[in-house]
Structure formats: structure tokens, C-alpha cells
Amino acid sequence: MALMDEILGLVEVAQSIRQRERSPVEVVEEALGRAERLNPVLNAYITILPDRALAEARDAEQEIMCGGYRGPLHGVPVSVKDIFATRGIRTTAGSRVLADQVPDEDATVVRKLREAGAILIAKANTYQFACSPPHPDYGPTRNPWDLSRTTRGSSSGSAAAVAAGIDFGSIGSDTGGSIRIPAAFTGITGLKPTQGRVGRFGMQPVSWTLDHAGPLARSVADVAAIFAAIAGRDERDPGSIEGAEIRAISGGDRLDGLVVGVLTEFTEGGVEPDVLAAVERGIAVLAELGSTLRPITVPELRQPAMTAHRQVMWSEAAHNHRALFPSRSHEYTEILQRRLADARAVPAIDYLHGLDERRRIKARVAEVQREVDLFVLPTAPMVATPLETVEPSGVDRKEELTALSTWNSPFDVTGQPALSVPCGFSRDGLPVGLQLVGRDREDELVLRAGAIFQAHTEWHRRHPDVGAQELR
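Residues numbered from 1 in each chain as written. Predicted model: local features only at pLDDT ≥ 70, side-chain atom pairs only at ≥ 80, totals over all residues. Heavy atoms only, no water.

Undergrad: Help me get a handle on the pairing of strand β11 (residues 374-378), residues and values and all.
TA: With 5 of 5 residues buried, β11 is to be regarded as a mostly interior element. Inspection of the sheet shows strand β9 (residues 259-263) paired to β11 by 3 bridges, in the parallel sense. Residue Gly-261 lies in a different strand from β11, and its bridge partner there is Phe-375. Across 5 bridges, β11 lies against strand β13 (residues 431-438) in antiparallel orientation. Counterpart to Pro-378 in the pairing with β13 is Leu-434. (Buried < 20%, exposed > 50% of the residue type's maximum accessible area, 1.4 Å probe, protein only. Helix = DSSP H or I, 4+ residues; strand = E, 2+ residues; numbered from the N terminus. Pairing = 2+ DSSP bridges.)

See below:
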């Protein structure tokens, strides 16, 4: 894999805009040019918004010139996963059923991005309804590091666009790892915040108990800047919670006094050798920076969490689709038809058992984390999988899906903040992600640890050169 020279991150381009070294119009034009060149190869975007984006960039430029700078997102090109409602712009959820849906108001995260001055240039490709392989009407997103590989996870388009340097950040969702897995597979940074820290009004739901919305970007500092803009109480989301204000995050300090629990269930078996070697190097960096490593075991985060996740997610997904399925089931792919049909047959007692187990697991994890500040584990036990594992025909290798879910879904069940940061590469040049998981509502600690980690490592500064590859 050929590498690009270092490309600017969100914080850097924001600084250049604030200092008037570059204009929002120039930055947006360049991003749209990259989208025009790279999207036909990557299939990262479903809808691109050149006219609207340029008009907003001109407005941002005028506002900044007049002294109305709003903050680090002002004039910066971003995208959002196409499950977030956008006023006057189609929102497909990667489905045929909603292919022509045009909302009359923005989702909360979109509204907050606009208020922060961000420029929405595109709606990012996603798995069908964010819970099944891509619909053939849209097709899968290709991994910028290897075009024969997938980005996996339903926030696939968001991750590919950021990794390829098209936009500077994106909003994804995570119900079973769909922010963290694509981030790991594409060598970028992704945050699943504490559940409720980011409002979900206007987001196509999978499971109201498990859904999270959060940012993907090139570095922890970039992710933190987006998170600060979109976090906060959402009166239209019953699951929304208050949280501490997110201050500017920067690296450079040490991690002295931090106790990091190495989850042995996730590091001692089932992990590809190249992934394990990279993760071990990443964990060693945490120790070198002053943290105390403590091997721990939390059996509840394995099979009990996976069972609860399955029972809750698919029961709620079936309920969320009741207006469209089965009445319009012919517009769903066969694999999603099967999953929803099976979910409709799940007894209520199983669903309630899943909710009870979730409460028990959350309590157990909170007890363990009285003595441990962060958990650390691989984001995924493998590198990016071949593209045919998520073909639109509905092929989805169960063993790979189960493995990816096993390393991520438990923290959707617990709802605690989880951050994926790059920690190395396989011998084939594919990125590997390290997952840092914090206590409930301690998102800022997770971000600070990740920023310090990145201040002392270079993995997040490597970028794929999509143009050097041949489309296979």
C-alpha cells in the first residue's frame, strides 16, 4: 500500500480558517474535488451536496471575515451517515423503502453541526437500516487501504471518507460496533460516547436501548472537537442525559496514576496474530506513559452480554420496522427479511430477560471499574475482511460477524464510552485498532487518554493513497 503525505486533520484546517490563511470556500471546493475523484472508487457517499455546500461555505467565509467565528467546526467540510435526517435532503437509511424520503427537519446532530458552522458536503453510505449488509441499490463501501476489502460496520461510508481525506469528520452510529469497527479497519479514530450524551432525535433507530451516535475523524483531537459540538441534552430524545462540558483535548502529558484493566477474555484467544502483536505494542505504550496495567477478567462481558444484546436489539428492531415490515418486505434484502421475521417470533419473556441481564451486566462492570479507570482490548480481532463478506446479495459470514460483534457489542449493552484509536498495521499494511473503554459518563477521560496516546505515537498520521491502487 502506497502512503499519502500527511493530510490535515480537522483541528489543523480549522486553525488555518480561523487565522484566515485559507477560506471555507477553498477548503470546501477541495473536499468536493476529492469527492468527485474518489467517491466513484470508494462508494463512500450516497448523496453529495456541491451547490448547497458551496453556498454555505460562502456564508461562513463572510461571517468569519466579519468577526463571527463560531469555533473549530466553522467552515469545515463534514458528512453524516445517511440515517440522520437532513431537512430538504433525502435520507435513505441505505434502503429501498426510504429511497425517496426527504425530511422536513434536521436530526439533532445535524442541527448542532450547522449551529457550529460545519459545512455538510455529503450523506455517507451505510448498511441497510444500519443493521444488515448493504442494499444492492447502493452497494458496499471499499476500504481506502485495500479496495478489495470492506470497511465493515454500518458507518462504513463515514470511515472511508475520513480515511481517504475527502472530508474532515463524520457522524456515525453504533449499536454493535458500527463506529469503532470501521474506524479500526480504516486507521482512523472513532468514539462511541456514553449512551445519551449525543441526542438521537431524527436518527433512524435500530434499538432505542442500544443505539449510540458519535463522531469519526482522523485523530482524538478532531473527534473531541466534533463531540463538543454535538453533545448535550436533547429534549426530543427520551434517552438523552446531561454530561460535563467537553473542554479542548490535547496530548503531551503522561498517564501517571491511571489504572488500565487489560481484558484478558479479549486478548488471549481468537485474535489474529498480527492484530494481537499491534495491540500488545499499543498496550505497552500505555505502560510507558505511566499507566498501571492490571490483567482482569469480566466474564459477563462475553456470552451474557452477547445474549442480552441479541435479545434486545432484534426485538426492538422488529418493533421499529412494524410500519414497513412485513407489508413491504419485498423491498428488503433476503437476509434482513429473515432477521426481522425471526425477531418477530422472539417471546416477550426473552426480550425482558435481555433487559434484566443488561442491568445486571452494567452493575457488575461499574463494580469492577471502581478500581480500574479504563478497559483496554482490541477493537476487532481481525483486520479488514474481504469485500465479498458484505456483498449486496446478502452474503454475511456469520463467524466474522459474530467475532466483530463479540469485541464491541458488550459496550453497547453497558452504554459506557468506548474509543478506537490506531495502534499499528498488519504485515499486509492493514490498520489495527486499540479500544479504550471508560466509566459511564467519563468520556473526557477516555478522550484525554487517547490524545496522550496519539501524542506519543504516529500510527494515526499514516494515510492510504487511494489513487495508487487499481480498482479490482
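There's more to say after this.
Undergrad: Now, about the nonpolar core: what can you tell me, with residues and values included?
TA: Of all hydrophobic cores here, the largest spans 108 residues; its most connected members are Phe-84, Leu-113, Phe-129, Leu-263, Leu-301, Phe-375 and Leu-434. What Leu-113 contacts, discounting residues up to four positions off in sequence, is Leu-73, Val-78, Val-80, Ala-118, Ile-171, Ile-226 and Ile-230. (Core = buried A, V, L, I, M, F, W, Y, C linked by side-chain atoms within 4.5 Å. Contact = heavy atoms within 4.5 Å.)

Undergrad: A description of the environment of Gly-67 should follow, citing residues and the corresponding values.
TA: Among the secondary structure elements, Gly-67 is positioned in the loop between α3 (50-65) and β2 (77-81). Assessed through its relative accessible area of 61%, Gly-67 is described here as exposed. Separated by 49 residues in sequence, Gly-67 and Arg-18 have C-alpha atoms that sit 9.8 Å apart.

Undergrad: Would you mind going over the packing of aromatic side chains in detail, with residue names and values included?
TA: Two measures describe an aromatic ring pair: the distance that separates the ring centres and the angle between the ring planes. Scanning all chains against the criterion turns up 5 aromatic pairs. Consider the rings of Phe-266 and Trp-407, whose centres lie 5.8 Å apart with planes at 75°: the pair is edge-to-face. Here Phe-266 is found in the loop between β9 and α8 (273-288), whereas its partner Trp-407 is found in the loop between α12 (398-406) and α13 (409-414), with 141 residues between them in sequence. Taking relative accessible area as the criterion, Trp-407 reaches 4% and is therefore assigned buried. An aromatic cluster is built from Phe-129, Phe-325 and Tyr-332, whose rings are joined through pairwise contacts. Taking NZ or CZ as reference, Arg-302 lies 4.9 Å from the ring centre of Phe-266, over its face. The ring of Phe-425 has Arg-462 lying over it, and the distance from NZ or CZ to the ring centre is 3.9 Å. (Phe/Tyr/Trp six-rings, centres within 6.5 Å; stacked < 30°, edge-to-face > 60°. Lys NZ or Arg CZ within 6 Å of the ring centre and 35° of its normal.)

Undergrad: So what's going on with the sheet that holds strand β12 (residues 418-425)? Which residues, and what values?
TA: The strand order across the open sheet built from 11 strands is β1-β3-β2-β6-β8-β7-β12-β13-β11-β9-β10, with neighbouring strands paired in mixed fashion. Edge positions in the open sheet fall to β1 (45-48) and β10 (292-296), since each of these has one partner strand only. Sheet twist, expressed as the average angle between the axes of neighbouring strands with direction ignored, equals 30°. Looking at chain direction, β1 and strand β3 (residues 119-124) are connected through 3 bridges and run antiparallel. Each residue of the ladder has a partner; that of Tyr-45, found in β3, is Ala-124. Set on the sheet, α3 makes contact with β1 and β3; between it and β3 the angle comes to about 155°. (Axes fitted to C-alpha atoms, helices over the stretch in contact; angles between N-to-C directions.)

Undergrad: Hey, could you go over the packing of helix α2 (residues 24-42) against α3 for me, with residue numbers and the actual values?
TA: The N-to-C vectors of α2 and α3 enclose an angle of 160°; their axes lie 8 Å apart at closest approach. As summarised for this structure, α2 and α3 are arranged roughly antiparallel, according to the angle between their axes. Considering how the two elements wind past one another, α2 and α3 form a crossing that is right-handed. For the pair formed by α2 and α3, the contact residues are Pro-24, Val-25, Val-28, Glu-29 and Leu-32 on the first element and Pro-50, Ala-53, Leu-54, Ala-57, Arg-58, Ala-60, Glu-61 and Ile-64 on the second. Of the residues contributing to the contact of α2 with α3, the split by class is 10 nonpolar, no polar and 3 charged. (Parallel < 35°, antiparallel > 145°, perpendicular 65-115°, else oblique. Left-handed = near helix turned anticlockwise from the far one by under 90°. Nonpolar A, V, L, I, M, F, W, Y, C, P; charged D, E, K, R; others polar.)

Undergrad: Please provide a residue-by-residue account of unusual backbone geometry, values included.
TA: Cis geometry marks the peptide bond from Phe-325 to Pro-326; its omega dihedral reads 15°. For Asn-43, which is not glycine, the phi torsion reads 60° and is therefore positive. With respect to the secondary-structure elements, Asn-43 resides in the loop between α2 and β1. Since its relative accessible area comes to 21%, Asn-43 is described here as partly exposed. Of note in this structure, Arg-441 is not a glycine but carries a positive phi near 75°. Note on placement: Arg-441 falls in the loop between β13 and α14 (443-455).

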